[in-house]
Amino acid sequence: MMPRMDGLSATMQIRKEKNVPILLLSAKTEDADKIAGLAIGADDYLTKPFEPQELIARLRAVLRRAKPMLDVKRVDLFNLSVNLSDFTVTLDGQKIDMPPKEIELLYMLVKTPMHVFTRDDLLREIWGQDYTGDSRTVDVHIKRVREKLGDNKHWRLTTVWGVGYKIEVL
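These notes cover the structure that comes with them. Quick caveat: nothing in here was measured; it's all calculated off a predicted structure. (Residues numbered from 1 in each chain as written. Predicted model: local features only at pLDDT ≥ 70, side-chain atom pairs only at ≥ 80, totals over all residues. Heavy atoms only, no water.)

Focus: the nonpolar core
- One finds Leu80, Val82, Val89, Leu106 and Leu149 to be the most contacted residues of the largest nonpolar core, which totals 29 residues.
- Secondary structure elements with two or more residues in this core: strand S3 (74-77), strand S4 (80-83), strand S5 (88-91), helix H4 (100-111), helix H5 (119-127), helix H6 (137-149), strand S8 (155-160) and strand S9 (164-169).
- With seven residues, H4 is the single largest residue contributor to this core. (Core = buried A, V, L, I, M, F, W, Y, C linked by side-chain atoms within 4.5 Å. Buried < 20%, exposed > 50% of the residue type's maximum accessible area, 1.4 Å probe, protein only. Helix = DSSP H or I, 4+ residues; strand = E, 2+ residues; numbered from the N terminus.)

Structure (structure tokens):
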């Protein structure tokens, strides 16, 4: 009996934004409650009271099953998902076509929102130490990413004048 939101609502909200392992601990013991929890996205359901050893065993099992999911190089920020495992970007559930460098650039910015990256940081990380081209290539890629993503009510790709770029959470 959580304050503000019940466990099923919390699970649904988490599933909308993240793909992480979820184990529900509940005082509700009816089969219908267990089925509902698993149906909306929980990976396991454990009723109270429980033995600590059972909780540990279930947590290990959930994490073991989730390991491939956790190895995916994917970041999510509200309605934006950037996945380096398959080089895809989705916004509001729609796939956005981008070349690999734009996806890598966006991934780096989204995985640490509010952190300002200089052009040199981005060049070194994405294009590599041996890159000998113009540093303004970052500006061009940022411009293209902005055009493809458009405006958003949750976040925006911001220029920090004289410093670099960041994803700003609104």
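Looking at the pairing of strand S2 (residues 44-47)
- Alternating positions in S2 separate into two faces, Asp44 and Leu46 on one and Tyr45 and Thr47 on the other, with burial throughout.
- Sheet analysis places strand S1 (residues 23-26) next to S2, joined by four bridges and oriented parallel. Considered in S2, the bridge of Leu23 is made with Asp44.
- A crossover links S1 with its parallel partner S2, the connecting element being helix H2 (residues 31-39), and its sense is right-handed. (Pairing = 2+ DSSP bridges. Right-handed = clockwise from strand over helix to strand, strands pointing away.)

A closer look at the sheet that holds S8
- Taken in spatial order, the three strands make up an open sheet running S7-S9-S8, and their pairing is antiparallel. Strand pairing shows two members of the sheet lacking a second neighbour, strand S7 (117-118) and S8, which therefore form its edges.
- In this sheet, S9 lies alongside S7 in antiparallel orientation, the contact comprising two bridges. Its bridge partner lying in S9, Thr118 is registered against Gly164.
- Contacts from H4 reach S7, S8 and S9 within the one sheet, and its direction differs from that of S9 by about 55°. (Contact = heavy atoms within 4.5 Å. Axes fitted to C-alpha atoms, helices over the stretch in contact; angles between N-to-C directions.)

Notes on unusual backbone geometry
- In this chain, Lys48 is followed by Pro49 through a cis amide linkage whose omega measures -5°.
- Within the secondary structure, Pro49 sits in the loop between S2 and helix H3 (52-71).
- Of note, the phi angle at Arg4 is positive, near 70°, even though the residue is not glycine.
- With respect to the element layout, Arg4 can be found in the segment before helix H1 (7-17).

Topic: the environment of Val89
- Inspection of the secondary structure assignment puts Val89 in strand S5.
- On the basis of relative accessible area, Val89 is assigned to the buried category, the value being 0%.
- A sequence separation of 18 residues divides Val89 from Tyr107, and the C-alpha atoms of the two residues are 9.1 Å apart.

Re the sheet that holds S3
- Taking strand neighbours across the sheet as the criterion, the four strands line up as S3-S4-S5-S6 in an open arrangement whose pairing is antiparallel. Two strands lie at the open edges of the sheet, namely S3 and strand S6 (94-96), each paired on one side alone. Sheet twist, expressed as the mean angle between neighbouring strand axes with direction ignored, is 20°.
- Inspection of the sheet shows S5 paired to S6 by three bridges, in the antiparallel sense.

Note that every value here comes from positions in space, so none of it alone points to a role or purpose.
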